[in-house]
Amino acid sequence: MSANETSDWPLWEVFIRSKQGLEHKHCGSLHATDAKHALHMARDVYTRRQEGVSIWVVPSTAIMASEPDSKDSFFDPAADKAYRHPTFYKIPDQVGHM
Amino acid sequence: MYTQSMDVPNSPHEPKPISHLEGDGELQAQFDAVIDADGKIEPRDWMPEAYRKTLVRQISQHAHSEIVGMLPEGNWISRAPSLKRKAILIAKVQDEGGHGLYLYSAAETLGTSREQMLDGLHSGRAKYSSIFNYPTLNWADVGVIGWLVDGAAIMNQIPLCRCSYGPYARAMIRVCKEESFHQRQGYESLLTMMNGTPEQKAMVQDAVNRWWWKCLAMFGPPDTDSPNSAQGMRWGIKRVSNDDLRQKFVDATVPQAEVLGVSLPDPDLRWNEARNHYDYGAIDWDEFWATVNGHGPCNEERLATRVKAHQNGQWVRDAAAAYARKQQARAQKEAA
């Protein structure tokens, strides 16, 4: 990847499923030469105490992220749509839980 | 794992951080508002250059401390008194390596590279915790490092879990979860020795005598002599002052020493009813600074060992890179 500028191995983002039934969650990053290497490194660095049952590794360069500076313009469309939330609707008490 | 409250300049010429150097008032105001609200800063958020630099220095010094911290205990792996103690020690040293990796990753989110940081360590420009520049002379030293050195590190690191910089805080949460094992295994190992022969008891006392003052110094210079502390507090990087952490450590450790049956080598150590804390004697700061600045008993040895380990690993890194290139070329050929 950027092997021409630096001797560092490519950077990988690590995602771990802590137990069956839960989603994979980002837990950190590491350097490795390829995907298989990254998986082995992730096991040693992030699951020394059985913290996971499944690991994903993704090249950091493959991640497209939203711009923090555009927080307002990017997420604003959802801000004025209170009717998307259940609490927007008044239901008579006698109906009970709905 | 270990940090000392030692965000110390890496070189005497490094300028001190200045907080309001930035031209962009609006971004600075947004940043200040997040800090004031006790919020978190994430890697891609705008941050003042001085905040970024301070974090890079502190997190990389912290990472280096983990990595160098493997050496004093690593010396005892082949000489551990039983298979059980050997397995425990290997696991602990592996944890320290892991902690170093979490922290290097956190520092890299600020725009520095692993290569730059390792170069700083190996060239002797970057600092690491002074505590690792002392020798581990007998087996009880390994227990004392777990009990006192890791104990002091835990005091230091728990407030860092609330640090304003997200990746650092998250790395510290992971580290602190693992740290408790380090302290308990050390204390338990010492308890075993204290139930042993008079010679074994004497070894524990000797190790405590040699490490106690060095552990107190790990918390960094007194508050009156920590010019960067106020800025660190302002930025939410530092949460508790050096002297407060040190006091907390002393108060927690004295009863543990009593249970263990060792004395702490400080004639001025006594309970102060009025303060509701233990008073303790004066720390030798000249020795601390001499060690930080490269003149401790093991500075040269530690650095030389670290550099040699890195050089000896070069062929592994080369082979791994060559293998990856070969695999990649093969995959491209098959795709074509």
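Values in this document were obtained by computation on a predicted structure and should not be read as measured data.

Trainee: Honestly, the nonpolar core in this entry has me stumped. Any pointers?
Mentor: Note on soluble globular proteins: their nonpolar side chains tend to be buried together. All names here are of chain B. By size, the foremost hydrophobic cluster in this structure holds 92 residues, and its most contacted members are Tyr-51, Ile-59, Trp-147, Tyr-165, Tyr-168, Trp-211 and Phe-249. It is helix α5 (residues 139–160) that contributes the most residues to this core, 12 residues altogether. Apart from the residues within four sequence positions on either side, Tyr-168 is in contact with Leu-55, Gln-58, Ile-59, His-62, Leu-103, Ala-106, Leu-160 and Cys-163.

Trainee: Help me understand the layout of surface pockets in this model?
Mentor: Sizing a probe to match a water molecule and rolling it over the atoms shows the empty space that remains. Taken as a whole, the largest pocket spans an internal volume of roughly 1,600 Å³. Every residue lining the largest pocket is counted, 50 residues in all, and those nearest its centre are Trp9(A), His31(A), His37(A), Met41(A) and Arg317(B). Listed by contribution, the elements that provide at least two residues to the lining of the largest pocket are β2 (24–31) and α1 (35–46) of chain A together with α2 (49–74), α3 (83–108), α4 (114–122), α11 (299–312) and α12 (314–335) of chain B. No other element matches α12(B), which puts 11 residues into the lining of the largest pocket. Partitioned by chemical class, the residues of the lining of the largest pocket number 23 nonpolar, 16 polar and 11 charged.

Trainee: For this particular structure, what's the right way to read the sheet that holds strand β3 (residues 54–59) of chain A?
Mentor: All names here are of chain A. Taken in spatial order, the 3 strands make up an open sheet running β2-β1-β3, and their pairing is antiparallel. Edge positions in the sheet fall to β2 and β3, since each has one partner strand and no second. Recorded for the sheet is a direction-independent mean angle of 25 degrees between the axes of neighbouring strands. Two strands pair when backbone bridges link them, and strand β1 (residues 11–17) and β3 are joined in this way by 6 bridges, in the antiparallel orientation. When the bridges of β3 are listed, Phe-15 appears paired with Trp-56. Across the sheet, α1 lies against β1, β2 and β3, angled at about 110 degrees from β2, the strand it touches most.

Trainee: Can you walk me through helix α7 (residues 198–217) of chain B in this structure?
Mentor: Note that an α-helix has 3.6 residues per turn; residues three or four places apart therefore point the same way. Residues and elements named next belong to chain B. Look at α7: 30 Å from first C-alpha to last across 20 residues, which is about the 28 Å you get at 1.5 Å a residue. The axis of α7 is deflected most strongly, by about 35 degrees, at Trp-211. For α7, the set of buried residues is Val-204, Gln-205, Ala-207, Val-208, Trp-211, Trp-212, Cys-215, Leu-216 and Ala-217. Close packing links the buried residues of α7 with α5, α6 (166–194), α9 (242–260) and α10 (285–295).

Trainee: So what exactly am I meant to see when it comes to the interface of chain B and chain A here?
Mentor: Frequently, the measure chosen for interface size is the accessible area that the parts lose on association. With 21 residues of chain B in contact, the opposing surface of chain A contributes 22 residues. Interface area, chain B with chain A, both sides summed: about 1,700 Å², of which 45% is carbon and sulfur. When the buried area of chain B at its contact with chain A is split by residue, Arg44(B), Glu115(B) and Arg174(B) rank highest and sum to 31% of it. Remark: the boundary between chain B and chain A carries 5 salt bridges. At the surface where chain B touches chain A, the tally comes to 12 residue pairs in polar contact (both at pLDDT 80 or more). Residue classes in the side of chain B that touches chain A are distributed as 7 nonpolar, 5 polar and 9 charged.

Trainee: Teacher, can you tell me more about the pairing of β1(A) here?
Mentor: Looking along a regular strand, one sees the side chains alternate between the two faces of the sheet. Residues and elements named next belong to chain A. Of all the 7 residues making up β1, 5 are buried; the element is thus mostly covered by neighbouring parts of the structure. Two strands pair when backbone bridges link them, and β1 and β2 are joined in this way by 7 bridges, in the antiparallel orientation. What sits directly across from Val-14, in β2, is Gly-28.

Trainee: What's the story with a nonpolar patch on the surface in this structure? I'm lost.
Mentor: Residue and element names in this part refer to chain A. A surface patch of nonpolar side chains, amounting to about 650 Å² of accessible area, comprises Tyr-83, Phe-88, Tyr-89, Ile-91, Val-95 and Met-98. By the secondary structure assignment, Tyr-83 is in the segment after α2 (71–75). Residue classification places Tyr-83 among the partly exposed positions, given a relative accessible area of 42%.

Trainee: Which parts of the structure should I look at to understand empty space enclosed by the protein?
Mentor: Residues and elements named next belong to chain B. Using the criterion set out here, one finds 1 cavity of 30 Å³ or more in the structure. In this model, the largest cavity occupies a volume close to 40 Å³. If you go around the largest cavity, the residues you meet are Arg-85, Ile-88, Leu-89, Trp-139, Val-142, Gly-143, Gln-185 and Ser-189. Its residues assigned to classes, the lining of the largest cavity comprises 4 nonpolar, 3 polar and 1 charged.

Trainee: Is there a simple way to think about the pattern of salt bridges in this case?
Mentor: Any two side chains of opposite charge can pair, on the condition that their charged atoms come close. All names here are of chain B. This model, assessed by the stated rule, comprises 24 salt bridges over all chains. Residues Arg-239 and Asp-38 are paired through a salt bridge, measuring 3.0 Å at the closest nitrogen-oxygen approach. Of the two residues, Arg-239 sits in the loop between α8 (229–234) and α9 while Asp-38 sits in the loop between α1 (25–36) and α2, which places them 201 residues apart along the sequence. Overall, the relative accessible area of 49% leaves Asp-38 in the partly exposed class.

About the thresholds
Residues numbered from 1 in each chain as written. Chains lettered and ligands numbered in written order. Predicted model: local features only at pLDDT ≥ 70, side-chain atom pairs only at ≥ 80, totals over all residues. Heavy atoms only, no water. Core = buried A, V, L, I, M, F, W, Y, C linked by side-chain atoms within 4.5 Å. Buried < 20%, exposed > 50% of the residue type's maximum accessible area, 1.4 Å probe, protein only. Helix = DSSP H or I, 4+ residues; strand = E, 2+ residues; numbered from the N terminus. Contact = heavy atoms within 4.5 Å. 1 Å grid on protein atoms, 1.4 Å probe; cavity = no way out; pocket = protein on both sides within 12 Å on 5 of 7 lines; lining within 4 Å. Points joined across faces, edges and corners; volume = space filled by probe spheres on them. Nonpolar A, V, L, I, M, F, W, Y, C, P; charged D, E, K, R; others polar. Pairing = 2+ DSSP bridges. Axes fitted to C-alpha atoms, helices over the stretch in contact; angles between N-to-C directions. Expected span 1.5 Å × (residues − 1). Bend = angle between axes of the 7 residues up to and from the residue. Buried area = accessible area lost by both parts, 1.4 Å probe. Salt bridge = Lys/Arg side-chain N within 4 Å of Asp/Glu carboxyl O. Polar contact = N/O pair within 3.5 Å; in protein donor to acceptor, adjacent residues only side chain to side chain. Patch = residues over 30% accessible without salt bridge, like charges linked within 9 Å, V, L, I, M, F, W, Y side chains within 5 Å. Areas by Shrake-Rupley, 256 points an atom, 1.4 Å probe, with all protein chains shown as cover.

Everything listed is a geometric property; what it means functionally is a separate question.
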